[in-house]
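# Results of the structural survey
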Amino acid sequence: MKLGIVGLPNVGKSTLFNSLTKAGAESANYPFCTIDPNVGIVTVPDERLKQLGDLYHSKKVTPAVIEFVDIAGLVKGASKGEGLGNQFLANIRECDAIVHVVRCFEDSNVVHVDGSIDPIRDIETINLELLFSDMEILERRYAKLSKAARMDKTLQKEAAMQERLKAHMEAGNSARTFELLDEDEEAYFKEYGLLTAKPVIYAANVAEDELADDAAGNPNVAKVREFAKKENSEVFVICAQIEQEIAELDDDEKQEFLEDLGLSESGLEKLIKASYSPLGLISYLTAGEDECRAWTIKVGTKAPQAAGKIHTDFERGFIKAEVVNYQDLLDCKSTAAAKEKGLVRVEGKEYVVKDGDVILFRFNV
């Protein structure tokens, strides 16, 4: 999974990236200090994995990972090549989802590229640039397809869908809010690779003293939540500066620091939870003395394809899957005890893997 961190210059993108990855991306009070996208690999916090590792005394515990890309700040006109626009758009295109950092804090020492704090204006600035880029792509596709559809009736359905999509986007709506009528339209739509079709998670960057109550009294955050609700997007509140401080602490100090701030989890943990849902992702687990590991898959993935995440041979030679819920396994304290209680199931090729399944795959090639 690759998440692109975007936003206007000086909203806290690189500071957030630093806190998430400890990668030390340059962070400064001027636009475009991030020229090339910084990339960092972050492990996904998963208490289930730690508990299974303790149960099996595993030699190795391997969590799932997320790749974060800190993408250069954007300005108006990016879709026409202004600022670092073309590079910005190309970098977003490679990501699975967008983490849109929105400035919701007041600080006279940190300049805003537009001179004032207005989160909805900032969101719409970036959304419009992405929309303009998508419209250009769609116009070219439609011009070509509509001409071909006059000679080939099999193309008329897609051409009709493109007309609806064009009208939807010309009204200022993102592609992710477009209603697809059937599986054919879903297939057409997926091929376009539109930027505004990507899931968005809004990171409302606030001052330290607003974290404890989740910025309940911040009117700027309220505006972001209202905006996100209309497009069914996730919002999480974060103080990027505090996250960067937390990233420098060891686990015990981190927990104490969070408690002092009145927080139960870090911004990274919030972001992980926020990102799995819109992308339709879950994790299944494998466990044993050699290694306990989390594997990220799409919701609805069947057992053979889930096995293929480990190795293609597992999918090709799939025979069966021995499945137990991780909590049942922890309660029973061993696979043998779970089997005695009938909690370990044998599943075949049609089994849809669930979040938190602990699976042993049987295969033959």
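Residues numbered from 1 in each chain as written. Predicted model: local features only at pLDDT ≥ 70, side-chain atom pairs only at ≥ 80, totals over all residues. Heavy atoms only, no water.

What follows deals with the overall build of the protein. In terms of regular secondary structure, the protein is built from 14 helices and twelve strands. Relative to its 365 residues, the protein shows a buried fraction of 49%. Counting only contacts in the protein whose residues sit at least 6 apart along the sequence, the fraction spanning at least 24 positions is 69%. Carbon and sulfur atoms make up 48% of the accessible area of the protein, which totals about 18,100 Å². (Helix = DSSP H or I, 4+ residues; strand = E, 2+ residues; numbered from the N terminus. Buried < 20%, exposed > 50% of the residue type's maximum accessible area, 1.4 Å probe, protein only. Contact = heavy atoms within 4.5 Å. Areas by Shrake-Rupley, 256 points an atom, 1.4 Å probe, with all protein chains shown as cover.)

Bringing the confidence of the model for the protein into the picture now. A residue-level look at the protein finds 88% of positions with pLDDT of 70 or above and a mean pLDDT of 84. Segment residues 25–35 is flagged for pLDDT under 50; beyond a separation of four residues in sequence, or across chains, it makes 31 contacts in the model. (pLDDT = per-residue confidence, 0-100.)

Moving on, we come to a nonpolar patch on the surface. On the surface, a cluster of nonpolar side chains totalling about 260 Å² of accessible area is made up of Val 39, Ile 41 and Val 65. Turning to its location among the elements, Ile 41 is positioned in strand S2 (residues 38–43). (Patch = residues over 30% accessible without salt bridge, like charges linked within 9 Å, V, L, I, M, F, W, Y side chains within 5 Å. Salt bridge = Lys/Arg side-chain N within 4 Å of Asp/Glu carboxyl O.)

Right, let's talk about the nonpolar core for a bit. Judged by nonpolar contacts, the single largest core of 72 residues is most densely connected at Ile 5, Leu 52, Phe 68 and Tyr 202. When near neighbours in sequence (up to four residues on either side) are disregarded, Phe 68 contacts Leu 3, Ile 5, Phe 17, Leu 20, Thr 21, Asn 38, Val 39, Gly 40, Val 42, Leu 268 and Leu 271. Residues Tyr 284, Phe 314, Tyr 351 and Ile 359 belong to the second largest nonpolar core, which totals 15 residues. (Core = buried A, V, L, I, M, F, W, Y, C linked by side-chain atoms within 4.5 Å.)

Attention now moves to helix H1 (residues 13–21). Taking burial as the measure, the nine residues of H1 include nine buried ones, the bulk of the element. Among the residues of H1, those classed as buried are Lys 13, Ser 14, Thr 15, Leu 16, Phe 17, Asn 18, Ser 19, Leu 20 and Thr 21.

Our next topic: the packing of aromatic side chains. Enumeration according to the criterion identifies five aromatic pairs in this entry. Between Tyr 284 and Phe 361 the ring centres are 5.9 Å apart and the planes differ by 85°, which places this aromatic pair in the edge-to-face class. Placement of the pair is Tyr 284 in strand S8 (residues 281–286) and Phe 361 in strand S12 (residues 357–363), with a sequence separation of 77 residues. Residues Tyr 284 and Phe 361 agree in their burial class; the two are buried. Residues Phe 318 and Phe 361 carry aromatic rings whose centres are separated by 6.3 Å and whose planes lie at 65° to one another, so their mutual orientation is edge-to-face. Separated by 43 residues along the polypeptide, Phe 318 in strand S10 (residues 318–325) and Phe 361 in strand S12 bring together distant segments of the chain. Relative accessible area serves as the criterion here: at 7%, Phe 318 is assigned to the buried category. Judged by its relative accessible area of 7%, Phe 361 falls in the buried class. These aromatic residues form a ring-pair network of at least three members: Tyr 284, Phe 318 and Phe 361. (Phe/Tyr/Trp six-rings, centres within 6.5 Å; stacked < 30°, edge-to-face > 60°.)

The next thing to look at is a negative patch on the surface. A cluster of acidic side chains, namely Asp 250, Asp 251, Asp 252, Glu 253, Glu 256, Glu 259 and Asp 260, defines a negative patch on the protein surface. Position of Asp 251 among the secondary structure elements: in helix H9 (residues 251–260). (Lys, Arg positive; Asp, Glu negative; His and termini not counted. Charge placed at Lys NZ, Arg CZ, Asp CG, Glu CD.)

For strand S3 (residues 60–62) and strand S9 (residues 291–298), the ladder comprises three bridges, and the chain directions are parallel. Counted as the bridge partner of Lys 60 is Glu 291 from S9. Both S8 and S9 contribute to a ladder of six bridges, which runs antiparallel. Within S9, the residue paired with Thr 286 across the bridge is Arg 293. Between S8 and S9, which pair antiparallel and follow one another directly, the connecting turn spans four residues. (Pairing = 2+ DSSP bridges.)

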